[in-house]
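Listed below are the residues making up each chain.
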Amino acid sequence: MKVALFGGTFNPIHIGHLIMAQYVLNFSQVQKVIFVPNGHPPHKVEDVADAFDRFEMVKLSIEDNPYFDISDFEIKKSNPSWTIDTLEYFSSIYERVYFIIGSDNLSEIVKWYKAEEILKRYPLIVLPRERNLCAIKKEIEKLSSKYAQDITLIQMPIIDISSTEIRKLIRQNKSIRYMVHPKVEEYIKRKGLYKR
Ligand SMILES: Nc1ncnc2c1ncn2[C@@H]1O[C@H](COP(=O)(O)OP(=O)(O)OP(=O)(O)O)[C@@H](O)[C@H]1O
Ligand SMILES: O=C(O)c1ccc[n+]([C@@H]2O[C@H](COP(=O)([O-])O)[C@@H](O)[C@H]2O)c1
């Protein structure tokens with residue numbers, strides 16, 4: 001089976017993430033998208049909710065979709081969640097493993113741990129986060145020719161929503177209705193997440 005791993009901090013998961021995953025199912029060869037919330041994000045430290053809460057919110061968001069799955073592989077770890085380790089683990093289980101990123105991460109991925117190994121061995125699926133598709137295509141072209149790798153851009157409507165904006169709205173006591181799954185909105189309220 002061909003699967004796509006969707007790694008993220010998901011702090012919290014929002015509708016942008018869900019629409020991205022659905023576009024991957026619609027327009028790629030993969031049969032399943034596996035959401036992999038990270039335990040100890042290697043790069044983000046401030047204002048990150050507990051891994052358990054972030055995991056639960058992803059679970060609530062995807063539970064009604066049989067083509068979406070979730071893995072606790074990274075949140076079970078006590079050390080930083082390096083993407084290369086996750087890709088290696090899942091490639092021992094599945095025939096082909098893709099990794100999903102937003103286009104903002106295209107310039108970041110070369111700085112990741114064992115970036116060269118990731119880029120040489122694993123195909124990427126990129127979803128646009130900004131309107132300048134030309135710039136995104138150029139960057140993809142550069143990386144895919146340097147690493148001889150399959151890097152696919154899937155076009156989708158730009159969704160200008162981020163977890164940062166959602167956390168900001170919560171701090172301002174504003175509603176996040178429609179930006180997250182209703183069950184996530186309810187979970188955040190019930191647990192009092194992101195209040196400060
Ligand atoms: N609205 C979006 N459009 C396209 N890609 C997105 C969008 N939101 C997140 N992504 C991508 O999804 C992955 C996981 O994102 P993440 O969980 O960090 O969300 P985020 O909204 O970027 O969070 P934050 O605002 O806290 O940085 C990353 O590869 C990111 O580029
Ligand atoms: O492995 C790394 O060095 C690495 C560095 C930065 C980010 N990542 C992964 O990239 C994915 C998206 O990260 P983020 O910050 O956009 O949520 C998530 O799965 C992170 O664990 C991975």
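Before any of the text, the structure's been laid out above.
Residues numbered from 1 in each chain as written. Chains lettered and ligands numbered in written order. Predicted model: local features only at pLDDT ≥ 70, side-chain atom pairs only at ≥ 80, totals over all residues.

Here we come to the pairing of strand E5 (residues 124-127). A two-sided burial pattern is seen for E5, the buried positions comprising Leu124 and Val126 on one face and Ile125 and Leu127 on the other. For the segment spanning strand E4 (residues 96-102), helix H4 (residues 115-121) and E5, crossover handedness is right-handed. When E5 meets strand E6 (residues 151-153), the two strands line up parallel, connected through three bridges. Counted as the bridge partner of leucine 124 is isoleucine 151 from E6. Read from E5 through helix H5 (residues 133-147) to E6, the crossover connection turns out right-handed. (Buried ≥ 20, exposed ≤ 12 C-beta atoms within 10 Å, placed from the backbone. Helix = DSSP H or I, 4+ residues; strand = E, 2+ residues; numbered from the N terminus. Right-handed = clockwise from strand over helix to strand, strands pointing away. Pairing = 2+ DSSP bridges.)

A word on the site of ligand 1. As a structural note, the neighbourhood of ligand 1 is formed by 18 residues, with Gly8, Gly16, Gly102, Ser163 and Thr164 the closest of them. Of all the secondary structure elements, the ones that give two or more residues to the shell around ligand 1 are helix H1 (15-27), E4 and helix H6 (163-171). Element by element, the count of residues in the shell around ligand 1 is highest for H1, at three residues. Class assignment of the residues belonging to the shell around ligand 1 gives a composition of six nonpolar, ten polar and two charged. (Near = placed C-beta within 6 Å. Nonpolar A, V, L, I, M, F, W, Y, C, P; charged D, E, K, R; others polar.)

Residues in contact with ligand 2 amount to 14 residues; listed here are only the nearest, Gly7, Thr9, Thr83, Trp112 and Tyr113. Here the residues of the shell around ligand 2 sort into five nonpolar, eight polar and one charged.

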